[in-house]
Amino acid sequence: MAIEQKPEGRIAVCGLAGFFRLETTPNRDSHASWLVNMGDAIRHRGPDAGGTYMDNSIGLVHRRLSILDLSDAGNQPMMSASGRFIIAFNGEIYNYRELRENLRENGVIFHTETDTEVLLELYERKRERCLDDLNGMFAFAIWDLESRELFLARDRLGKKPLYYHHTSKTFAFASEIKALLQLPFIKTEVSPEAVKDFFFYQYIPDPKTIYKNIHKLFPGHWLRTDGCKTELGQYWDVHFDEKSHASLEVIEEGLYELIDDAVKLRMISDVPLGAFLSGGVDSSAIVGLMAGHASHPVTTCSIGFDSKRFDEVCYAKQVAQIFATDHHEFTVKDNVAGNLESITRFFDEPFADPSFVPTFFVSQLARQQVTVALAGDGGDENFAGYSKYRTDDLENRIRGLFPGALRRTVFPSLASLASLIPYQPARRARTLLNTLAVSPEQGFYLTNSFFRPEIWDRIVGAELNLHIREYDPGEVTRQYYRNAPAEDHLSRILYTDLKTYLAGDILVKVDRMSMANSLETRAPLLDYRVVEYAASIPSQLKLKGSEKKFVLKDTFRRLLPDDILYRKKMGFSVPLANWLGGELRPLAKTFFENGSSELSQFFDMAAVSQLWQMHLRGDWRFTQELWSLLVFGLWCRQWQT
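Here, residues in each chain are numbered from 1, in the same order as that chain's written sequence. A pLDDT threshold of at least 70 governs which residues receive local features in this predicted model, and a stricter bar of 80 or more applies before side-chain atom pairs are shown or counted, although totals over entire chains, interfaces and linings include all residues. Values reported for side chains reflect all heavy atoms of the structure, with hydrogen atoms and water molecules removed beforehand.

> Can you tell me about the overall build of the protein, naming the residues and giving the values?
Labels follow the DSSP assignment, with helices taken as runs of H or I lasting at least four residues and strands as runs of E lasting at least two, numbered in each case from the N terminus. A count of helices and strands for the protein gives 26 helices and 18 strands. We compute the radius of gyration over the C-alpha atoms and compare it with the globule rule, which gives 2.2 Å times the number of residues raised to the power 0.38. The C-alpha radius of gyration computed for the protein amounts to 25 Å, which stays within 12% of the reference 26 Å derived for 641 residues, consistent with globular compactness. Remark: exposure states derive from per-residue accessible area (1.4 Å probe, protein chains only) relative to the maximum for the residue type, with buried under 20%, exposed over 50%, and partly exposed in between. In the protein, which comprises 641 residues, the share counted as buried stands at 61%. In what follows, a contact means two residues having at least one pair of non-hydrogen atoms within 4.5 Å. In the protein, 74% of the contacts between residues at least 6 apart in sequence involve partners at least 24 apart. Of the accessible surface of the protein, which amounts to about 24700 Å², a share of 49% is contributed by carbon and sulfur atoms. Where the 74 positive side-chain charges of the protein centre and where its 84 negative ones centre are 4 Å apart. For the accessible areas, the method is Shrake-Rupley and the probe is 1.4 Å, while residue cover comes only from the protein chains on display. As used throughout, the charge tally considers Lys and Arg to be positive and Asp and Glu to be negative, leaving His and the chain termini uncounted. Every charge is mapped to an atom, namely NZ of Lys, CZ of Arg, CG of Asp or CD of Glu.

And the structure:
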């Protein structure tokens, strides 16, 4: 039994991995090198320090970002004072000082200034019940030398990733899939259902991954295993069914104080700290609150595009001037094609939300200035900030004006007639009629799918279709909607997005792109207390008429000017059509104009080529589908060859 630690400077980010050394696991003499390879695969998450632990039952490896207690005493894996528990921890516990003081009062003696040691000692006393006490983002593994059991856990919202592989003979886990792929006993058989999920969602929803035998641990869950038997448990969920009856003034005062405290907690750091600034409500409010707590100018970073339609840096600059920040900007211009292949490789599985490109560049820019950056993620999901919520609300109101039988029988026929008219208004009418014909949850899924069923049926290959002909990705959305602890339609939708889009898309994007640049990001609006408080706010205060995020905007009127609060926000929109027809065209041709490209094992390449040729002729209706195909092709080239 040994813990080996190798300090390597003070720069980076955290990752963990490990596996059970069961007797049935082949090549036990090679296990030490497997462990090193797993750590090397996620070195970008923590080039600061590397450590390993191995005994007769298990191997653990950790890569560290030094944020708190920069000394070597904070390196991992870390053993508890009793010698019974070993931990590998990724993340931050923001309330660790309070927890540390409580433990000290009960006789615990600490040897480091890290939140890792606090978590380890708290677990020794409370086991899985310690999760209820934690405010932070985390994924961790704790090995119990006495019971010979491994305990894994993931934070409430899923800000930190955790993957695992489990068969009757093997068990392994890691922060990223690429670490698991270092193990020779893990097979990389692609899941046909996950392929279809990816194209309709742009990501693969939990708990699936692109591989059949690798899974994601659900956010807000824990897992206990002895390497053979495995137990899963949920320790947290958000409930929308208990609404506040307080006045708007009281609600907003409580919200302001809570978010301000969440920001203050996330400013604890022993390394340089800054913020992403888009000029929108969420990031601007975070920067404004940071400025109120900082003793020096806040470092802010923004990304722009060489296109007025997509560029918002002028708004970010305005906010930077208001709060006198140390502001930095970068323009995404003629630098996508040369970076796309290397950037996509950090995802390990197909991921097509195009905003990952500017997220990578803003993380790269921020890392030149700071080690930790605060971001505004979570505001849209908590307070109904996306345009899709307003669209869905309108559709649902219209749906309620017609009897169900009429909608189900007449509307599809009208949609078919509309499809015969080759103009944009007719296409929109067809989409609306098809959406109105179905249930609210199915309508929400259809409106927010990123691959039209008729296009899928047109290009899917015969072999792939044989496996997933009856599979409907929409069941993921519908199941969360139906099971939501909520009474009204908007609350059910927000719950669904917190469980799917936020966890599977937004947080994955931010984690991978920031980790690719050895940058840690923190999201105050995803403090679980803010999420729970937001869930208690009546829906009519979130989407008030056509005003999205009404209560959040009204709360921050004391901090931000109206032209920031109430302007139309684009988010991280990117000029996809221009990229595909211009800078990315040579790369796209290698997939779309080659009948034997990596896509050919899944799709009818003649049909794909037709979509591509139409795009080149100026018909941009299939931009999203082509982008998803390009990203999928890159994943196949990188990981399936």
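> Can you lay out the packing of aromatic side chains for me, pointing to particular residues and giving the numbers?
Centre distance within 6.5 Å is the pairing criterion for rings of Phe, Tyr and Trp, where only the six-membered ring of Trp is used; planes under 30 degrees apart are then read as stacked, over 60 as edge-to-face, and the remainder as tilted. With the rule as written, the count across this model stands at 38 aromatic pairs. Plain terms: the ring middles of Trp456 and Phe603 are 5.8 Å apart, the flat faces sit at 90° to each other, and that makes the pair edge-to-face. A residue pair is termed long-range when its members are at least 10 positions apart, and Trp456 in helix 16 (residues 453-459) and Phe603 in the loop between helix 24 (585-592) and helix 25 (605-616) qualify at 147 residues. An identical accessibility class is assigned to Trp456 and Phe603; each is buried. Taken together, the ring pairs in this structure connect Phe198, Phe199, Phe200, Tyr211, Phe451, Trp456, Phe602, Phe603, Phe632 and Trp635 into an aromatic cluster. Sitting over the ring of Tyr528, Arg156 keeps its end group 3.7 Å from the ring centre. The criterion for a charge sitting over a ring is simple: Lys NZ or Arg CZ within 6 Å of the ring centre, and within 35 degrees of the ring normal.

> Tell me what's going on with unusual backbone geometry, and back it up with residues and numbers.
Residue Asp206 is joined to Pro207 through a cis peptide bond whose omega torsion reads 0°. The phi dihedral of Asp348 falls on the positive side, at around 70°, and the residue is not glycine. With respect to the element layout, Asp348 can be found in the loop between helix 9 (337-344) and helix 10 (356-367). A positive phi is found at Lys549, a non-glycine position, where the angle reads about 55°. Relative to the assigned elements, Lys549 resides in the loop between helix 20 (528-536) and helix 21 (550-555).

> An account of the sheet that holds strand 16 (residues 326-332) is requested, with residue identities and associated values reported.
Pairing between strands requires that DSSP locate at least two bridges from one strand to the other. Across the sheet, which stays open at both edges, the 5 strands sit in the order 16-15-14-17-18 with parallel pairing between neighbours. In the strand order of this sheet, the two ends are held by strand 16 and strand 18 (520-522), each with one partner. Across this sheet, the average inter-strand angle for adjacent strands is 30°, counted without regard to direction. Bridge analysis of strand 15 (residues 299-305) against strand 16 gives 7 bridges, and the strand direction is parallel. Note on strand 16: the bridge partner recorded for Thr300 is His327. Angular values range over 0 to 180 degrees, each being the angle between N-to-C directions of two axes fitted as lines to C-alpha atoms, with helices fitted over their stretch in contact. Along the sheet face, helix 10 touches strand 14 (273-276), strand 15 and strand 16 and points at about 145° away from the line of strand 15.

> I'd like a description of the nonpolar core, backed by residues and values.
Buried Ala, Val, Leu, Ile, Met, Phe, Trp, Tyr and Cys residues that are joined via side-chain atoms within 4.5 Å together make up what is termed a nonpolar core. By size, the foremost hydrophobic cluster in this structure holds 146 residues, and its most contacted members are Leu131, Phe140, Phe199, Phe592, Phe603, Trp627 and Phe632. Ranked by the residues each element gives to this core, the list is headed by helix 19 (residues 489-516), at 12 residues. In this structure Phe140 touches Leu16, Ile87, Ala88, Phe89, Leu119, Leu131, Leu134, Phe151, Leu152, Ala153 and Leu162, once residues within four positions along its chain are discounted. Core analysis: the next-biggest nonpolar cluster, separate from the first, contains 38 residues, Tyr256, Val287, Phe383 and Phe556 among them.

> Which residues make up the packing of helix 6 (residues 248-265) against helix 7 (residues 281-293), and what values go with them?
The geometry of helix 6 relative to helix 7 is characterised by a closest axis approach of 9 Å and an angle of 70° between their N-to-C directions. Here helix 6 is positioned roughly perpendicular relative to helix 7, judged by the angle of their axes. As for how helix 6 packs across helix 7, the hand of that crossing is right-handed. Residues Tyr256, Ile259, Asp260, Val263 and Lys264 of helix 6 touch helix 7, and the partners they reach there are Ile286, Leu289, Met290 and His293. The residue makeup of the contact of helix 6 with helix 7, split by class, is 6 nonpolar, 1 polar and 2 charged. Orientation is classified from the angle alone, with under 35 degrees giving roughly parallel, over 145 giving roughly antiparallel, 65 to 115 giving roughly perpendicular, and any other angle giving oblique. Crossing handedness is defined as follows: a turn of the near helix away from the far one that is anticlockwise and smaller than a right angle gives a left-handed crossing, while the clockwise case is right-handed. Polarity classes work like this: nonpolar for Ala, Val, Leu, Ile, Met, Phe, Trp, Tyr, Cys and Pro, charged for Asp, Glu, Lys and Arg, and polar for all others, with Gly in that last group.

> I'd love a proper account of the pattern of salt bridges, names of residues and values included.
Whenever Lys or Arg places a side-chain nitrogen within 4 Å of a carboxyl oxygen from Asp or Glu, that contact is recorded as a salt bridge. Under the definition given, this model contains 41 salt bridges. Across the pair Asp554 and Arg557 runs a salt bridge whose closest N-O atoms are separated by 3.8 Å. Asp554 gets classed as buried once you look at its relative accessible area, which sits at 18%. Look at Arg557 and you get partly exposed, because its relative accessible area is 47%.

> Can you break down the environment of Leu217 residue by residue, with the values?
Looking at where Leu217 falls in the secondary structure, it is placed in the loop between strand 11 (215-216) and strand 12 (221-225). Here Leu217 falls in the buried class, since its relative accessible area comes to 2%. Separated by 55 residues in sequence, Leu217 and Leu162 have C-alpha atoms that sit 5.8 Å apart.

> So, the side chain of Gln202: which residues are in play, and what are the values?
Here Gln202 is to be found in the loop between helix 5 (192-201) and strand 11. The contacts of Gln202, once residues within four sequence positions are left out, are Asp197, Pro350, Phe351, Ala352, Asp353, Pro354, Phe450, Asp505 and Gln624.

> Break down the packing of helix 9 against helix 26 (residues 623-639) for me, with residues and values.
Where helix 9 contacts helix 26, the axes come no closer than 9 Å and their chain directions differ by 60°. In terms of their interaxial angle, helix 9 and helix 26 are classed as oblique. Note on packing geometry: the crossing formed by helix 9 with helix 26 is right-handed. Along its contact with helix 9, which presents Leu340, Glu341 and Thr344, the element helix 26 presents Trp627, Leu630, Leu634, Arg637 and Gln638. Partitioning the contact of helix 9 with helix 26 into residue classes produces 4 nonpolar, 2 polar and 2 charged.

> Quick rundown of the environment of Leu258? Include the residues and the values.
Structurally, Leu258 is set in helix 6. Residue classification places Leu258 among the buried residues on the basis of a relative accessible area of 16%. Discounting chain neighbours no more than four positions away, the residues touching Leu258 are Arg529, Val530 and Tyr533.

> Pulling in residues and values, what's your account of the sheet that holds strand 8 (residues 149-154)?
Ordered by their spatial adjacency, 6 strands build an open sheet running 5-6-7-8-12-13, and the pairing between neighbours is antiparallel. Of all the strands in the sheet, the pair left with one neighbour each is strand 5 (78-79) and strand 13 (230-234). Examined bridge by bridge, strand 5 and strand 6 (residues 85-93) share 2 bridges and lie antiparallel to one another. Paired with Met79 across the bridge in strand 6 is Ile86.

Function cannot be inferred from these measures alone, as they are strictly geometric.
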